[in-house]
Amino acid sequence: MSKRIMIVGGTGFFGKSLFRYLARSVEGRRCDIESVYVVSRNPDVAKDFFDGKANGLKYELLSGDVEASLEHLAVFKPTHLIHAASDSTNGHQLSHFDRFRQIVKGTENVLDFVVKAKVE
């Protein structure tokens, strides 16, 4: 079965690294990936990076924020989801408690999405 992988936090360090790995795996025919959905708060900023690294991997850049609902992404019907989102832009300005709350809320929203979208 072909996989439709959604990477939440796809334009950060881990998301980009995972995307490069998946693109190399598809190019070397080591895995069966139909498409990758890269979710970011600001996907337009990273378009050039992903175009240059895709190696033929079908992908789509999507707008989404883990601190808000991700339900609008359910139409893409991902089979797998990788949660790599974290606010590295404003995170250093937050208190330790606010940073903790932000991470927990983001994870709750991702898990809610996984259940509602029936992601494997």
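The structure reproduced in this document is the subject of the present report. (Residues numbered from 1 in each chain as written. Predicted model: local features only at pLDDT ≥ 70, side-chain atom pairs only at ≥ 80, totals over all residues. Heavy atoms only, no water.)

Turning our attention to the pattern of salt bridges. In the structure shown here, the tally under the stated rule is 4 salt bridges. In this structure, the salt-bridge partner of Arg 4 is Glu 34, at a minimum N-O distance of 3.9 Å. One end of the pair, Arg 4, is in strand S1 (residues 3-8); the other, Glu 34, is in strand S2 (residues 33-40), and 30 residues separate them in sequence. For Glu 34, a relative accessible area of 37% puts it in the partly exposed group. Residues Glu 71 and Lys 116 are paired through a salt bridge, measuring 3.1 Å at the closest nitrogen-oxygen approach. Here the residue Glu 71 occupies a position in the loop between strand S3 (59-63) and strand S4 (80-83), and Lys 116 occupies one in helix H3 (residues 96-116), the gap between them amounting to 45 residues. (Salt bridge = Lys/Arg side-chain N within 4 Å of Asp/Glu carboxyl O. Helix = DSSP H or I, 4+ residues; strand = E, 2+ residues; numbered from the N terminus. Buried < 20%, exposed > 50% of the residue type's maximum accessible area, 1.4 Å probe, protein only.)

Now for the nonpolar core. In terms of nonpolar packing, the biggest core is built from 13 residues, with Phe 19, Leu 22, Val 36 and Leu 57 touching the most fellow members. When contributions to this core are tallied by element, the ones reaching two or more residues are S1, helix H1 (13-27) and S2. Setting aside its immediate chain neighbours within four residues, Leu 22 contacts Ile 5, Ile 7, Ile 33, Val 36 and Leu 57. (Core = buried A, V, L, I, M, F, W, Y, C linked by side-chain atoms within 4.5 Å. Contact = heavy atoms within 4.5 Å.)

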